[in-house]
Amino acid sequence: MSSDLDTVFAALADPTRRTILAMLLEDDMAVTDVAEPFEMSLAAISKHLVILTKAGLISQEKRGRVKWCKLEPDALRTASVWMQGFGQFEPVNLDAFERFLEVELPGKED
């Protein structure tokens, strides 16, 4: 699981790839349409798409002569579950903690 998670987070680390994922939220797109808003070569975009595909975040399929990209939303599930583990603890309220200590440890002066 950790190597899959590493691959997903590595893919998400790049802003271009995050933008591509956001674009694919709307609908499947041809590779040329994905490349259009970026000021980089089609070869550079293709490299980003390969990384996203290897991470399982998108799939690519050829329809006729056109290669299409499709978002695979379930691929983020493992990463999401892992991140949610950090949200299970309430943030520490330092004022409430100080009041608790004053009650539990009376007579302690600074």
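Our subject is the structure that appears above.
Scope of this entry: the structure provided in the associated data block. (Residues numbered from 1 in each chain as written. Predicted model: local features only at pLDDT ≥ 70, side-chain atom pairs only at ≥ 80, totals over all residues. Heavy atoms only, no water.)

### Regarding the pairing of strand 2 (residues 58–63)
As paired strands, strand 2 and strand 3 (residues 66–71) are joined by six bridges and run antiparallel to one another. Bridge assignment links Glu61 to a residue of strand 3, and that residue is Trp68. Hairpin remark: strand 2 followed by strand 3, antiparallel, with two residues in the connecting loop; positive phi at Gly64, about 70°. (Pairing = 2+ DSSP bridges. Helix = DSSP H or I, 4+ residues; strand = E, 2+ residues; numbered from the N terminus.)

### As for the pairing of strand 3
Sheet topology places strand 1 (residues 29–30) next to strand 3; two bridges connect them, and they run antiparallel. The residue of strand 3 that forms the bridge with Met29 is Cys69.

### Examining the packing of aromatic side chains
Evaluation of the coordinates by the stated rule reveals one aromatic pair. Aromatic side chains Phe9 and Trp82 sit 5.6 Å apart centroid to centroid with 65° between the ring planes, which places their arrangement in the edge-to-face category. Of this pair, Phe9 sits in helix 1 (residues 2–12) while Trp82 sits in helix 5 (residues 77–84), and the two are 73 residues apart along the sequence. Since its relative accessible area comes to 40%, Trp82 is described here as partly exposed. (Phe/Tyr/Trp six-rings, centres within 6.5 Å; stacked < 30°, edge-to-face > 60°. Buried < 20%, exposed > 50% of the residue type's maximum accessible area, 1.4 Å probe, protein only.)

### Topic: the pattern of salt bridges
Within this structure, the stated rule accounts for three salt bridges. A salt bridge links Asp74 to Arg77; its shortest N-O distance comes to 2.6 Å. Salt bridges sharing common partners tie together Asp28, Glu61 and Arg63. (Salt bridge = Lys/Arg side-chain N within 4 Å of Asp/Glu carboxyl O.)

### Description of the environment of Asp33
Looking at the element boundaries, Asp33 is found in helix 3 (residues 31–35). A C-alpha to C-alpha distance of 9.9 Å links Asp33 and Met23, two positions 10 residues apart in sequence.

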